[in-house]
Amino acid sequence: MKIQDTLSKLEQDVDISKKVKIYLCGVTVYDESHIGHARTIIIFDVLRKYLENKGIEIEFIQNFTDVDDKIINRANAENKTADEISTKYIKNYFHDFDGLNVKRATNYPKATEHIEDIVKFIEKLIEKGVAYPTKNGVYFSVTKFPEYGKLSKKKIDDLQSGARIEVDEEKKDPLDFAVWKLSDKAPTWDSPWGKGRPGWHIECSTMSIKYLGENFDIHGGGRDLIFPHHENEIAQSESCTGSQFAKIWMHVGMVTIDGEKMSKSIGNVKSIKHVIKNWGANIIRLFCLSGHYSKPIDYSKELLKENLIKWRQVETCHYELIHANSENSENIDEFINKTGTEFDNALDSDFNTHLALSAFFQLIKETNRLAAEEKLGKENSNAIKIELKRMLEILGLTIPEVTENEIKEINELIEKREQSRKEKQFEEADKIRDKLNEMNVELIDHKGKTIWMIKENIKAEK
RNA sequence: GGUACUCUGGCAGAACGGUUAUGCGUGAGCCUGCAAAGCUUAUACAAGGGGGUUCGACUCCCUCGGGUACCUCCA
C-alpha cells in the first residue's frame, strides 16, 4: 500500500509486514465536533479497517487536546473548570463518533494525563540546547533545527518577514514557540520552570513517541495542521530523538460548505449531530469517502442527496440478496473477484476511496441487475454476500438487522395485500402498503413476487 | 505578499503520454392495477486561457488567469 507523504511529496510504501502504527491528531475538546472532524476521522477509520481486514495488526492512537486556551476561555465563559469542559466534550465526542460507526482507537491519550512525560520531554530539549526558559515559559528555538519548514515547505526567512505573531521580547526569535507556558491561573501543573501548562504541540510529540516509538508508520490529521502544528512536532521530536519521526505524513483535505470555508464567523459549521440527524451515518460516510482524501470536498444538499440515492441502491441490493431464491444462478465468481481486486487496488494506491466506491457500486449494480432478470440464485447470492459484507465492513456502512418477529409481521401484511390484490381490492391493498411504509418497510413488486426492504428513515436536509 | 494544493462534460469525480472511465442528473423504454424500487437503453466529443516538448498530451515543461488552504487557533 502506498500513501502520498506530505514531507517527501512522494508516494511511500506502508510497511505492512508488521504491526502498523498510526497516530492521528484528534480534536481539541472545547466544542461540538463537526463534519470536518468527521471526514478526517472517517478516512482514518476506513484506513485502519481496511488494513485490519487484511489481517494486519494496527496500533491506532488518537489524542485529545484537553488543555488549551480555547478550553480555558470556554470554561471562564461558562463559569466552569477546564476539566469540566473537556470531560463534557470528550463524552460528546464519543457519542458523535459512535453514531458515525467509527471504531474506537487503540487508545485516546490526553495531554493532562501526560504532564510528567511532557516535562521530561521538555527537559531533554533544554539539555540538548534546543529549548530555553524565559520568564514567560519555555520556548523551542526554531533556528536550532536547521530543517525547520521542511514539512510545510516554508523558509524561516519568509516566515519571519511575514510574521504576524505578537512580539514577545523574551523570545530569541519571533517564530520560537512555547512548549511550556507559565501561568498562575488554573489549570496548572508544577514544573522545574514553575507553575504552568504545556504548549499545544508538545503533547503530540510526547504521546506519539511514548505509545508508538520514535519512528512510527503514519502520522495524520487535517491539512490545516501542517503548519504550524506538525511542523513544530517534527522540530521537537527529531531534535529530541535525533532520528526520523513519522515515516509518512498523511493529510486530509478540508470540507467546505456550499463552496465556502466552514467557520464560526460565517455561521455555517455543520455539527455531527446535525448531519447525523439529517442524513444518517451511512450517507455521511459515503459522502466523506466520495472524493480523494487529500482534496477538498464540498458539503452541499445536492451531493448529499446523490449519496442518499446511492445508499438506497445499497439497501435494495442487500434485501435482494436476502430474498434471493431464483432457480437460475448465473456464475459471477469472476466478476466478484474483479470488483474485489479493484476495490483493494484502489485503496492500495494512495487510498483512493472514490475508485474503491466505484468498484463497490459495480457489485451493487450487478446484483440488482441479476435480481431484475431473476437470475439471483442461492449460489451466486451467497458468493456476493461474502464480498459485499467485507466491503461494507471496511467502509463502515451498516444495515440494521431485522428481528424474526418483525419479519413475521411484515410477511403477514404482505400476504394480506396479495390477497386483496388478487381480489382487485386495490384500495385495501394500498392501505396495507401505506401501513408498511409507516413502519419504514418498502415493498418491491417484482414480476412474480413481492419482496420487502427496511428503508432507513432519512430526513434529508431542507 | 509568500508557500502549498487545485482548475476535466449540467453536477460529482477517475485514468501508466496513445483506449468513449464511472456515478448522479436528463430523455426513452421494460416491469406494474397504480406507485415505488430496480433494470435496459440513449445522452456529454469535456479538459481555465495561451505557448512549448512529442509521431501523439487530460497526463510533461513554461506562462497568464481563477479557486481553496496555510502563513494567528483550527480536522
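Please refer to the structure placed before this passage.
Worth saying up front: this structure is predicted, and the values here are computed from it rather than measured. (Residues numbered from 1 in each chain as written. Chains lettered and ligands numbered in written order. Predicted model: local features only at pLDDT ≥ 70, side-chain atom pairs only at ≥ 80, totals over all residues. Heavy atoms only, no water.)

The next thing to look at is the pattern of salt bridges. Pairing between side chains of opposite charge can happen when the charged atoms of each approach one another. All told, the structure shown has 40 salt bridges when counted by the stated rule. Its salt-bridge partner being Asp-13, residue Lys-2 comes within 3.3 Å of it at the nearest N-O pair. Linking Lys-2 in strand β1 (residues 2–4) with Asp-13 in strand β2 (residues 11–13), this pair joins segments that are 11 residues apart in sequence. Residue classification places Lys-2 among the partly exposed residues on the basis of a relative accessible area of 34%. Residue Arg-104 is joined to Asp-98 by a salt bridge in which the shortest nitrogen-to-oxygen separation is 2.7 Å. Taken together, the salt bridges that share partners define one network made up of Glu-330, Glu-366, Arg-369, Glu-373 and Lys-375. (Salt bridge = Lys/Arg side-chain N within 4 Å of Asp/Glu carboxyl O. Helix = DSSP H or I, 4+ residues; strand = E, 2+ residues; numbered from the N terminus. Buried < 20%, exposed > 50% of the residue type's maximum accessible area, 1.4 Å probe, protein only.)

A separate point is the packing of aromatic side chains. One pass over the full model with this rule turns up 16 aromatic pairs. Measuring from centroid to centroid gives 5.2 Å for Phe-140 and Phe-177, while their planes differ by 20°, and the two rings are stacked. With a gap of 37 residues between them, Phe-140 in strand β6 (residues 137–140) and Phe-177 in strand β7 (residues 177–182) connect regions that are remote in the sequence. Each member of the pair, Phe-140 as well as Phe-177, carries the same accessibility label: buried. Following the ring pairs from residue to residue traces out a cluster consisting of Phe-64, Tyr-93, Phe-94, Phe-97 and Tyr-108. Looking at Lys-154, its charged tip hangs above the ring of Phe-227, at a distance of 5.3 Å from the centre. Above the ring of Tyr-132, the side-chain terminus of Lys-172 is found at 4.2 Å from the ring centroid. (Phe/Tyr/Trp six-rings, centres within 6.5 Å; stacked < 30°, edge-to-face > 60°. Lys NZ or Arg CZ within 6 Å of the ring centre and 35° of its normal.)

A few words on the protein's contact with RNA strand B. Near RNA strand B there are 52 residues, and of these Lys-70, Trp-200, Gly-222, Leu-225 and Lys-310 occur at the shortest range. Lys-310 places a polar side-chain atom, nitrogen or oxygen, 3.1 Å from a sugar or linking oxygen of RNA strand B. Elements represented by at least two residues in the surface near RNA strand B include exactly α1 (35–53), α5 (156–161), β9 (218–222), α9 (301–323), α11 (353–372), α13 (404–422), α14 (426–438) and β14 (441–445). For the surface near RNA strand B, the per-class residue count stands at 16 nonpolar, 16 polar and 20 charged. (Near = heavy atom within 4 Å. Polar contact = N/O pair within 3.5 Å; in protein donor to acceptor, adjacent residues only side chain to side chain. Nonpolar A, V, L, I, M, F, W, Y, C, P; charged D, E, K, R; others polar.)

Taking 1.5 Å of rise per residue, 17 residues should cover 24 Å, yet helix α8 (residues 272–288) covers just 12 Å from first to last C-alpha, more than 12% shy of that figure. The largest bend in α8 is about 100°, located at Gly-280. (Expected span 1.5 Å × (residues − 1). Bend = angle between axes of the 7 residues up to and from the residue.)

Taken together, the four strands give an open sheet; going across it, the order is β4-β3-β9-β10, and neighbouring strands pair in parallel fashion. Each having just a single partner strand, β4 (58–62) and β10 (248–252) make up the two edges of the open sheet. Pairs of neighbouring strands in the sheet enclose a mean axial angle of 20°, with direction left out of account. Across three bridges, the pairing between strand β3 (residues 20–24) and β9 is parallel. Residue pairing in the sheet places Leu-24 in a bridge with Gly-220 of β9. (Pairing = 2+ DSSP bridges. Axes fitted to C-alpha atoms, helices over the stretch in contact; angles between N-to-C directions.)

Right, let's get into the sheet that holds strand β11 (residues 255–257). As summarised here, the arrangement of the three strands in space is β12-β11-β13, forming an open sheet in which the pairing is mixed. Whereas interior strands pair on both sides, the edge strands pair on one side only; in this sheet they are β12 (260–261) and β13 (297–299). The sheet contact formed by β11 and β13 spans three bridges and is parallel. Residue pairing across strands places Thr-256 opposite Asp-298, the latter belonging to β13. Against the sheet, α1 makes contact with β11 and β13, and its axis sits at roughly 150° relative to β11, the strand it touches most. (Contact = heavy atoms within 4.5 Å.)

All quantities given are derived from atomic positions and should not be read as evidence of function.
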